[in-house]
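Structural features, examined
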Amino acid sequence: MEDSAKKITTDARRILEQIRADRRRLHQIPEIGTDLPQTSEYIKLRLNEMGIPWRSCGGPLPAKMTADYVEAGFPRMEKETGIIAMIGQGNPCILLRADMDALPVQEKNDLDYRASGPYGHMCGHDSHTAMLLGAARILKGMERELRGSVKLMFQPGEETGAGARLMVEDGALENPRVDAAFSMHVQPTDETGRVGYAVGINSASLDTFILKVHGKGGHSSQPQLCVDPLMVVNQVYQALNLLVTREADPAAMVTLTCGVAKGGTAVNIIPSEAELHIGLRTLDVASAKHLARRIPEVIEHYVKAWRAEYDLTVFHTPSTLSDVSLCREVVPYIREVVGEYRIHEIPAITGTEDFGYVTEKVPGMFVFIGAGRPGNPPLHSPKMVLDEDVLPVGAAVYANVAAAWLEAHGEDAP
């Protein structure tokens with residue numbers, strides 16, 4: 001496949017200007033959550049221009065799920081803006097995924113194509129989408145040579161932890177059935193074109209707990225007549241932090257963070273309600289399961305001990321898994337594009353990546369690709385900027401992984 005990889009790499013460089021134009025256009029229209037109308041329409045337009053069939057996928061959210069995510073502080077997500085596109089036919093089928101949502105972070109870069117407004121592509125998802133569009137053009141040009149099909153997954157809502165789940169539940173992995181999946185994420189603090197991957201658990205799981213405590217408000221001079229919800233959430237938070245120190249394996253990576261604590265209006269008023277939003281991250285499956293069971297138990301006992309009532313919303317984003325066998329197979333395909341010494345193993349990230357909803361169902365691989373250099377502003381910074389030289393490299397990696405994997409697994413493969 002070396003000759004094929006060289007051709008794919010050459011093709012990717014040849015269409016650099018189109019990939020860059022796609023990325024810059026998407027950079028100027030950042031949208032958050034799963035409702036990405038402008039982004040989605042642009043991708044559909046480009047797929048139509050390339051003659052690639054597509055369908056909408058991924059929503060709308062069920063009413064209960066909508067309430068849960070809005071409660072967690074995410075935008076209301078009611079529309080279907082995920083896209084599944086197909087190149088080739090039948091099985092075997094490999095899925096290439098790119099996320100396409102932005103962040104509620106206002107960009108502070110002095111760029112001709114800088115986004116205006118309160119949102120920004122400060123996690124690089126615009127580049128993921130542009131690179132996948134570039135790969136789509138390359139793969140469409142070699143469609144007759146493909147020994148199976150390539151499914152393109154343009155996914156909204158990664159930053160919510162919900163987008164991949166919605167698309168999987170809406171059949172993204174079926175018709176045709178997906179046999180393997182691959183995804184990438186840019187890394188602006190690593191050298192451009194350098195690829196890192198972890199085998200096995202690749203990212204932390206995230207369990208989110210949204211607690212609303214209902215007390216009994218009144219005058220601060222008469223606490224005996226009240227049930228103070230602020231005191232209750234303070235007790236709960238302290239107890240949950242102690243829970244992690246006593247019941248999680250010290251060798252496991254476990255973090256518990258309170259991202260939101262709110263309630264009250266004035267110093268002399270005991271409020272009727274207070275809220276606490278807790279995030280639990282871990283790379284250890286056993287710890288995740290144990291603490292996900294124990295946290296609601298601790299909340300129940302502490303709230304009831306102080307005579308309050310409560311509502312608790314819980315949702316889970318799984319760890320992303322990079323399949324051992326698939327990694328062993330795909331690493332050489334990536335190496336054909338980036339070079340012998342520019343791909344290496346890295347530790348699992350402590351952040352969360354909702355590609356885990358895909359890798360729960362099918363063998364998958366997730367990699368980071370450098371798009372800058374050490375010392376650059378990191379992901380999610382308002383000053384994050386990417387080296388656009390990564391764009392043809394990423395497009396070629398996407399395309400070569402798909403073509404080479406199909407070559408090895410097609411019905412008439414050697």
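Conventions and cut-offs
Residues numbered from 1 in each chain as written. Predicted model: local features only at pLDDT ≥ 70, side-chain atom pairs only at ≥ 80, totals over all residues. Heavy atoms only, no water. Helix = DSSP H or I, 4+ residues; strand = E, 2+ residues; numbered from the N terminus. Rg over C-alpha atoms; globule rule 2.2 N^0.38 Å. Buried < 20%, exposed > 50% of the residue type's maximum accessible area, 1.4 Å probe, protein only. Contact = heavy atoms within 4.5 Å. Areas by Shrake-Rupley, 256 points an atom, 1.4 Å probe, with all protein chains shown as cover. Lys, Arg positive; Asp, Glu negative; His and termini not counted. Charge placed at Lys NZ, Arg CZ, Asp CG, Glu CD. Pairing = 2+ DSSP bridges. Axes fitted to C-alpha atoms, helices over the stretch in contact; angles between N-to-C directions. Parallel < 35°, antiparallel > 145°, perpendicular 65-115°, else oblique. Nonpolar A, V, L, I, M, F, W, Y, C, P; charged D, E, K, R; others polar. Phe/Tyr/Trp six-rings, centres within 6.5 Å; stacked < 30°, edge-to-face > 60°. Salt bridge = Lys/Arg side-chain N within 4 Å of Asp/Glu carboxyl O. Core = buried A, V, L, I, M, F, W, Y, C linked by side-chain atoms within 4.5 Å.

1. Some details on the overall build of the chain
Looking only at helices and strands, the chain has eleven helices and 16 strands in total. Against the 2.2 N^0.38 benchmark of 22 Å for 414 residues, the chain shows a C-alpha radius of gyration of 23 Å, consistent with a compact globule. Its C-alpha atoms give the chain principal-axis dimensions of roughly 80 × 45 × 40 Å. Scored against the burial criterion, the 414 residues of the chain give a buried share of 54%. In the chain, once contacts between residues fewer than 6 apart in sequence are set aside, the share between residues at least 24 apart is 84%. Total accessible area on the chain stands at roughly 17,700 Å², and carbon and sulfur atoms take up 50% of it. Distance from the positive charge centre (41 side chains) to the negative charge centre (54 side chains) of the chain: 2 Å.

2. What about unusual backbone geometry?
Between Asn91 and Pro92 the backbone carries a cis peptide bond, its omega angle lying at 0°. Turning to its location among the elements, Pro92 is positioned in the loop between strand S2 (82–88) and strand S3 (93–99). Of the consecutive residues Asn175 and Pro176, the connecting peptide bond is found in the cis state with omega at 0°. One can find Pro176 in the loop between helix H6 (163–169) and strand S5 (180–191). One non-glycine residue, Asn175, lies in the positive phi region at around 55°. The exposed category is assigned to Asn175, whose relative accessible area is 76%. For Arg307, which is not a glycine, the phi torsion comes out positive at approximately 65°. Within the secondary structure, Arg307 is located in the loop between helix H8 (285–305) and strand S13 (309–317). The exposure class assigned to Arg307 is exposed, which follows from its relative accessible area of 60%.

3. What about the sheet that holds S3?
Across the sheet, which stays open at both edges, the eight strands sit in the order S1-S2-S4-S3-S5-S16-S6-S15 with mixed pairing between neighbours. Each having just a single partner strand, strand S1 (54–57) and strand S15 (343–345) make up the two edges of the open sheet. Across the sheet, the mean angle separating the axes of adjacent strands is 25° when strand polarity is ignored. Each of S1, S2 and strand S4 (149–155) is contacted by helix H3 (residues 37–50), which is oriented at about 15° to S2, the strand it contacts most.

4. What to know about the packing of helix H2 (residues 16–27) against helix H11 (residues 390–409)
It is the contact of H2 with H11, at a shortest axis distance of 9 Å, that shows an interaxial angle of 100°. Judged by the angle between their axes, H2 and H11 are roughly perpendicular. Along its contact with H2, which presents Leu16, Ile19, Arg20 and Arg23, the element H11 presents Leu391, Pro392 and Ala395. Per-class residue counts for the contact of H2 with H11 are five nonpolar, no polar and two charged.

5. Section: the packing of aromatic side chains
Scanning all chains against the criterion turns up three aromatic pairs. Between the aromatic rings of Phe182 and Tyr398, the centroid separation amounts to 6.1 Å while the plane-to-plane angle is 90°, which identifies the pairing as edge-to-face. Of this pair, Phe182 sits in strand S5 while Tyr398 sits in helix H11, and the two are 216 residues apart along the sequence. Considered together, Phe182 and Tyr398 belong to a single accessibility category, that of buried residues. Seen from their ring centres, Phe366 and Phe368 are 5.5 Å apart, and the 90° between their planes marks the pair as edge-to-face.

6. Quick look at the pattern of salt bridges
Taken as a whole and judged by the stated rule, the model has 24 salt bridges. Residue Asp126 pairs with Arg23 through a salt bridge whose shortest N-O separation is 3.0 Å. Linking Asp126 in helix H5 (residues 125–141) with Arg23 in helix H2, this pair joins segments that are 103 residues apart in sequence. The residues Asp126 and Arg23 share a single accessibility class, namely buried.

7. Regarding the nonpolar core
In terms of nonpolar packing, the biggest core is built from 68 residues, with Leu139, Val150, Phe182, Ile334 and Met365 touching the most fellow members. Counting residues per element, this core draws most heavily on H11, which supplies 13 residues. Those residues in contact with Ile334, other than ones at most four positions away along the chain, are Phe182, Val195, Ile343, Met365, Val367, Val397 and Val401. Val236, Leu291, Ile295 and Val303 belong to the second-largest nonpolar core, a separate cluster that totals 25 residues.

8. A closer look at the environment of Asp99
Relative to the assigned elements, Asp99 resides in strand S3. By relative accessible area, which is 0% here, Asp99 ends up buried. C-alpha of Asp99 to C-alpha of Gly157: the two residues are 58 residues apart in sequence and 7.6 Å apart in space. Residues within four places of Asp99 in sequence aside, it is in contact with His125, His128, Thr129, Gln155, Glu158 and Glu353.

9. Quick look at the sheet that holds S13
By way of backbone hydrogen bonds, the strands of a sheet pair with one another, either parallel or antiparallel. Pairing in this open sheet of four strands is antiparallel, and the strands run S10-S12-S8-S13 from one edge to the other. In this open sheet, the two edge strands, each paired with only one partner strand, are strand S10 (254–262) and S13. Taking each pair of neighbouring strands and ignoring which way they run, the sheet shows an average axis angle of 15°. Of the strand pairs in this sheet, strand S8 (residues 205–214) and strand S12 (residues 273–282) are connected by ten bridges, and their pairing is antiparallel.

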